[in-house]
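So you can see what is in the structure, the chains are spelled out below.
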Amino acid sequence: MILGVLGIILSLVLLMYLAYRGVSVLILAPILACFAAFLGGGGHLLATYTEVFMTSLGGYVRSYFPIFLLGAIFGKVMEDTGAAKAIAYFICEKLGKERAILAVVLSCSVLTYGGVSLFVVAFAVYPVAVELYRESQIPKRFIPASIAIGAFTFTMTALPGTPQIQNAIPMKFFGTDVYAAPILGIIASAIMLFGGLTWVQYRVKKAKMKGEGYGEHPNEKIVKLDEKNLPSFSIAILPILLVLGVSFVLSREIFPNLDLSYLKTEYNTEAKKVIGNWSLIISLFSAIIVAIVSNVRRMSDILKTLTEGVQGSFLAIMNTASEVGYGNVIAGLSAFAIVKGALLGVSSNPLISEAVSVSSLAGITGSASGGLSIALGALGSTYLQQAQELGFNPEVLHRIAAIACGGLDTMPHNGAVITLLGVTGLTHKESYADIGMCTVVIPSISVIVCVILATFGIV
């Protein structure tokens, strides 16, 4: 049994290290899952791979591929039509260079909250941020942290209604929707937004006092934005409003009032487990249609945009699904009972135990959605049972899990962090301390606050 536990720990360490070194999770996950199974005494490695790993991977794809697919297409359409840049430019122009940090953060927030991919947001907002920070003589090294506050924190996990996958995953386990526990979500969002802004503004003030300006960046190649070729703000924002509005109406007003009893008799599932997904699918699909129709003249090749969006969804979902397959192999090992006991033994309060397990696994895998899926796949039903026994609303479990996955996930080996630094042309040494404060430390504080409030009945 001790060897089995060591195998789990060693495989997790190798997953984190090798992923940071650039090895694909698609290769790592099955190999390391079988490695852990071998050390744990599981002799049937091929069966482990085909019957456990691949079955879990396939189940995740079945559940979430429509959201990944439509989200990727929506993001690509918003990018190719110029709608994402139009929103960023409008907000930044209205707030002005004297509020450059707030302008960049809000631009990213609006786009991410509307369902645009984190990666698309980084590419769309970066050129605008460069203009503002250069004019305001704010050191460029603070751009990644500013983008991260708006794209990697509260709009990804906490703000009620966000269609990001991190807010969608808990729905399946707790029978909730994307608007679960709105009060907790708003409180956590406020902590992350104002905490992050305060930190970056403080750091910028200190840098300026030392005489530091934007800096010299000879390899920076930024084409100045021509707002004349962008759609109007009202046209650009319409699809985002549609995502949020349609999702709310469907999940809270339409589907709950329909007779969906056939799901139990014909499909062996419950309405509450699918309503959230159905609402997101319809809202994203509607937003894509509206975005294309309202910007059709700005799209040089609609088919190419759709194709690139589809292709972009494949790697994203397969990476996460592979981590889920890995997690389910680990969860099925006899040695995992010790690990499970340790996680559950952290506290008799399921909210604390859930926050610790989700955050830890997100940090180890370097993926918010991956860590969240692994933790809830292994322990979700246990947390739900414990919460119901203690009288906690399942919505609280949803929101705590979603917020917790957005803390330790952005450790230095996180793919989004590496991509963001690549887009901005900066290094970990130059910018990660501020990224880490805004996306690891402050979100972790928000989790603690929310657990305390939820324990006292605030939803």
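The preceding data block contains the structure.
Residues numbered from 1 in each chain as written. Predicted model: local features only at pLDDT ≥ 70, side-chain atom pairs only at ≥ 80, totals over all residues. Heavy atoms only, no water.

A. How the structure looks around the packing of helix α10 (residues 182-209) against helix α20 (residues 428-455). Running from amino to carboxyl end, α10 crosses α20 at an angle of 150 degrees, the nearest separation of the two axes being 9 Å. If you check the angle between α10 and α20, you find them roughly antiparallel. Crossing geometry of α10 relative to α20 is assigned as right-handed. Within the contact between the two elements, α10 uses L184, I187, A188, I191, M192, G195, G196, W199, V200 and R203 and α20 uses D434, M437, C438, I442, P443, S446, V449, C450, L453 and A454. The residue inventory of the contact of α10 with α20, partitioned by class, reads 15 nonpolar, three polar and two charged. (Axes fitted to C-alpha atoms, helices over the stretch in contact; angles between N-to-C directions. Helix = DSSP H or I, 4+ residues; strand = E, 2+ residues; numbered from the N terminus. Parallel < 35°, antiparallel > 145°, perpendicular 65-115°, else oblique. Left-handed = near helix turned anticlockwise from the far one by under 90°. Contact = heavy atoms within 4.5 Å. Nonpolar A, V, L, I, M, F, W, Y, C, P; charged D, E, K, R; others polar.)

B. Geometry of the environment of M54. Here M54 is to be found in helix α3 (residues 45-80). M54 gets classed as partly exposed once you look at its relative accessible area, which sits at 33%. (Buried < 20%, exposed > 50% of the residue type's maximum accessible area, 1.4 Å probe, protein only.)

C. Summary view of helix α13 (residues 271-294). Taking 1.5 Å per residue, 24 residues should reach 34 Å; α13 reaches 34 Å between its end C-alpha atoms and fits that length. Considered for burial, the residues of α13 that qualify are V274, I275, G276, N277, S279, L280, S283, L284, A287, I288, A291 and I292. (Expected span 1.5 Å × (residues − 1).)

D. Highlighting the nonpolar core. Y60, F74, Y133 and Y326 are the most contacted members of the largest nonpolar core, which totals 141 residues. Residues within four places of Y60 in sequence aside, it is in contact with F65, F68, I165, I169, I317, T320, A321, V324 and S373. Counting six residues, the second-largest nonpolar core is a separate cluster that includes F255, L260, V274 and I275. (Core = buried A, V, L, I, M, F, W, Y, C linked by side-chain atoms within 4.5 Å.)

E. Layout of the layout of surface pockets. A volume near 1200 Å³ is recorded for the largest pocket. Sorting the residues of the lining of the largest pocket by element identifies α1 (2-20), α3, α6 (118-136), α9 (165-174), α14 (302-331), α17 (368-390) and α19 (415-424) as the ones contributing at least two each. Residue contributions to the lining of the largest pocket peak at ten residues, all from α14. Considering only enclosed or pocket space, the second largest pocket measures out at about 410 Å³ in volume. In terms of lining residues, the second largest pocket is bounded by 16 residues, among which R62, S63, T269, K273 and V274 are the most central. Elements that contribute at least two residues to the lining of the second largest pocket include exactly α3, α12 (262-267) and α13. Of the residues assigned to the lining of the second largest pocket, the class counts are seven nonpolar, four polar and five charged. (1 Å grid on protein atoms, 1.4 Å probe; cavity = no way out; pocket = protein on both sides within 12 Å on 5 of 7 lines; lining within 4 Å. Points joined across faces, edges and corners; volume = space filled by probe spheres on them.)

Geometry only, nothing functional implied.
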